[in-house]
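A look at the structure
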Amino acid sequence: GFCTRRKMSQDEGDVPCESTAEVSAVSEAAAASGPADVVGAGDVTESFDDMAQYGIITVGGTDKIGSPVFCFKAAQMPSDPRCDFDKLLRYMKTVMEEMVDSDYSIVYLHHGLSSKNKPQLAWLKKVYGGFERKYRKNLKALYIVHATTFVRTVVMCVKPMISKKFGKKIHFFHQLAELNEAVFVAKLGVPPSVATHDIEVAAKRAKKAAKKGKGAAAAPLVDPTTLVFGARLEHMTAVTEGGIPHVVEDIITYISTDESGFSSEGIFRRSVALGRVRELKARYNSGERVNLTEVGDPQMAAVLLKSFFRELAEPLLTFKLYDNFLPLADVSEPEEKLAKYREVLAMLPERNLAVLRCLVAFLLEVTKHEATNKMSINNLSIVFGPNLLWSDDAAASFADTGKINVITRYILEQPSVLE
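Small disclaimer: the values here were computed from a predicted structure and weren't measured.

Re the pattern of salt bridges
- Tallied over the entire structure, the rule returns 18 salt bridges.
- The partner of glutamate 279 in a salt bridge is arginine 283, with the nearest N and O atoms 4.0 Å apart. With a gap of four residues between them, glutamate 279 and arginine 283 both fall in helix α12 (residues 274-285), about one helical turn apart.
- Here glutamate 279 falls in the partly exposed class, since its relative accessible area comes to 38%.
- For arginine 283, a relative accessible area of 23% gives the class partly exposed.
- For lysine 281, the salt bridge identified is with glutamate 311, shortest N-O distance 2.7 Å. Taken together, the residues span a long stretch of sequence, with lysine 281 in helix α12 and glutamate 311 in the loop between α14 (298-310) and α15 (322-325) at a distance of 30 residues.
- Among the residues examined, lysine 281 registers a relative accessible area of 13% and is labelled buried.
- Each of the salt bridges in this network shares a partner with another, and the network as a whole consists of Arg276, Glu279, Arg283 and Glu288.

Following this line, the structure appears as structure tokens:
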């Protein structure tokens, strides 16, 4: 396989509606920490404490691939007519601006919007027009939960009037349980009123299904001995003799041999159908060895690879070594840096280190095709960093995202640290 035959060298571095999921690790705790201020023109600080108190927008952790998720809560919209909605828009952009340079997604919880707190249509138009291209370009999915029939109808009517690409990013969910397939709902900070409404919706839908004789679909049972996605690396049995999980070897082999694999533009950043991803993960979790050539989609395989690492019960670089890795980002002297990285990496369990070597070798091959796939070492470190190392303290992971990406970049630039 790729990971056993490939030898790394130091000079190779650079630089439902079925939904979509391709949307740096973050936490809603970070959104609430510190004063809500921003420095504007002339170094005049504008305080947003009055806007932050509403809790309309929070950073809701990450999606299942490690990209940030912003949660807009209609129930928290102010009913006070004196509210400065233009300032609210500036606050929303301030919360988002530091995280929209790479992929992200938005969850909109519609329940709770009423005639008392509904903003004017003119302001909603201003919101859409007020977010520059970078906000719209890197938005991978807009998940709308608990939408009324009227809202669904309006959205479907305006879809032809907005860009086709943006229209494809909009997805509806009846319940939070469905949304949980794409994002970690527990990290969204769902308002109690919305949670209560969701329970009521679930009960009504179950009753309706029972009347039709369909009943609720039973969740498929997963044999813990064959579990791949969401398992601990050391517990996986579907591995090669070298300890590489079959799913990792399958994906790397497929992308490496497919005629358009390495040349797929934006590989590891493009959106794919969540339903298809869910199906493939279920097949691997059942113990099946999936033939990805038959799937025939390098972008799908790329998303599977990111999902595998993000959904590990413990990150590849481990919780235990989190505090050992972080200081490495601040070491500047070349020889000292090389020595310290080698020292910490040597502490990894044997299987973790083997998988990391395999992944790094593969990603360096990806960078050789940067001219066509647009994925430099820098881009790959941003995409993979939060999927390889995170803390069991979500707030710490958010605060340390920059350092995590720096660490990942150095490992890719200096693969000899893994020898």
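Topic: the packing of helix α11 (residues 246-257) against α14
- With their axes 10 Å apart at the nearest point, α11 and α14 run at an angle of 150° to one another. The orientation of α11 relative to α14 falls into the category roughly antiparallel. Regarding α11 and α14, the two cross each other, and that crossing is left-handed. Judged by residue contacts, Val247, Val248, Ile251, Tyr254 and Ile255 of α11 engage Pro298, Ala301, Ala302, Leu304, Leu305, Phe308 and Phe309 from α14.

Topic: a positive patch on the surface
- On the surface, Arg133, Lys137, Lys165 and Arg270 cluster together into a positively charged patch.
- Within the element layout of this structure, arginine 270 appears in the loop between α11 and α12.

Re a nonpolar patch on the surface
- Where nonpolar side chains cluster on the molecular surface, the patch consists of Phe150, Val154 and Val158 and spans about 270 Å² of accessible area.
- Tracing the backbone shows valine 158 in helix α7 (residues 149-158).

Side note on helix α21 (residues 401-413)
- The end-to-end C-alpha distance of α21, which contains 13 residues, comes to 18 Å, matching closely the 18 Å that a straight helix rising 1.5 Å per residue would cover.
- Looking at α21, one finds that the buried residues are Thr401, Ile404, Asn405, Ile407, Thr408, Tyr410, Ile411 and Leu412.

Digging into helix α16 (residues 334-345)
- Over its 12 residues, α16 runs 16 Å from end to end, which matches the ideal 16 Å to within 8%, given 1.5 Å per residue.
- Where α16 begins, the side chain of glutamate 333 points an oxygen toward the backbone nitrogen of glutamate 335, at a separation of 3.1 Å.

A word on the nonpolar core
- In this structure, Phe268, Phe308, Phe309, Phe325 and Phe384 are the most contacted members of the largest nonpolar core, which totals 70 residues.
- When residues of this core are assigned to their parent elements, the largest contribution, 11 residues, is made by helix α17 (residues 350-367).
- Phe72, Met77, Val100 and Ala147 belong to the second-largest nonpolar core, a separate cluster that totals 32 residues.

Regarding unusual backbone geometry
- Despite not being glycine, threonine 318 shows a phi value in the positive range, around 70°.
- As for its placement among the helices and strands, threonine 318 is situated in the loop between α14 and α15.
- The backbone of lysine 374 shows a phi angle near 65°, a positive value even though the residue is not glycine.
- Considering the arrangement of structural elements, one finds lysine 374 in the loop between α18 (370-373) and α19 (377-388).
- On the accessibility criterion, lysine 374 (46% relative accessible area) is partly exposed.

Some words on the confidence of the model for the chain
- Across the chain, the average pLDDT comes to 82, with 85% of residues at or above 70.
- Long-range and interchain partners of residues 6-35, a stretch whose pLDDT sits below 50, account for 114 contacts in this model, where long-range means more than four residues apart.
- Here residues 37-43 is a poorly scored stretch, pLDDT under 50, and it has 13 contacts once near neighbours within four places are set aside; other chains count.

Observations concerning the environment of lysine 340
- Inspection of the secondary structure puts lysine 340 in helix α16.
- Along the sequence, lysine 340 and valine 417 sit 77 residues apart, while their C-alpha atoms lie 9.2 Å from each other.
- In this structure lysine 340 touches Leu328 and Val331, once residues within four positions along its chain are discounted.

Some words on the packing of aromatic side chains
- For the coordinates displayed, the defined rule picks out 11 aromatic pairs.
- Between phenylalanine 229 and phenylalanine 308, the aromatic rings sit 6.1 Å apart at their centres with planes inclined by 85°, giving edge-to-face as the arrangement. Of this pair, phenylalanine 229 sits in the loop between α10 (192-211) and α11 while phenylalanine 308 sits in helix α14; the two residues are 79 residues apart in sequence, bridging distant segments of the chain.
- Among the residues examined, phenylalanine 229 registers a relative accessible area of 6% and is labelled buried.
- The exposure class of phenylalanine 308 is buried, given its relative accessible area of 0%.

So, how was this worked out
Residues numbered from 1 in each chain as written. Predicted model: local features only at pLDDT ≥ 70, side-chain atom pairs only at ≥ 80, totals over all residues. Heavy atoms only, no water. Salt bridge = Lys/Arg side-chain N within 4 Å of Asp/Glu carboxyl O. Helix = DSSP H or I, 4+ residues; strand = E, 2+ residues; numbered from the N terminus. Buried < 20%, exposed > 50% of the residue type's maximum accessible area, 1.4 Å probe, protein only. Axes fitted to C-alpha atoms, helices over the stretch in contact; angles between N-to-C directions. Parallel < 35°, antiparallel > 145°, perpendicular 65-115°, else oblique. Left-handed = near helix turned anticlockwise from the far one by under 90°. Contact = heavy atoms within 4.5 Å. Patch = residues over 30% accessible without salt bridge, like charges linked within 9 Å, V, L, I, M, F, W, Y side chains within 5 Å. Areas by Shrake-Rupley, 256 points an atom, 1.4 Å probe, with all protein chains shown as cover. Lys, Arg positive; Asp, Glu negative; His and termini not counted. Charge placed at Lys NZ, Arg CZ, Asp CG, Glu CD. Expected span 1.5 Å × (residues − 1). Polar contact = N/O pair within 3.5 Å; in protein donor to acceptor, adjacent residues only side chain to side chain. Core = buried A, V, L, I, M, F, W, Y, C linked by side-chain atoms within 4.5 Å. pLDDT = per-residue confidence, 0-100. Phe/Tyr/Trp six-rings, centres within 6.5 Å; stacked < 30°, edge-to-face > 60°.

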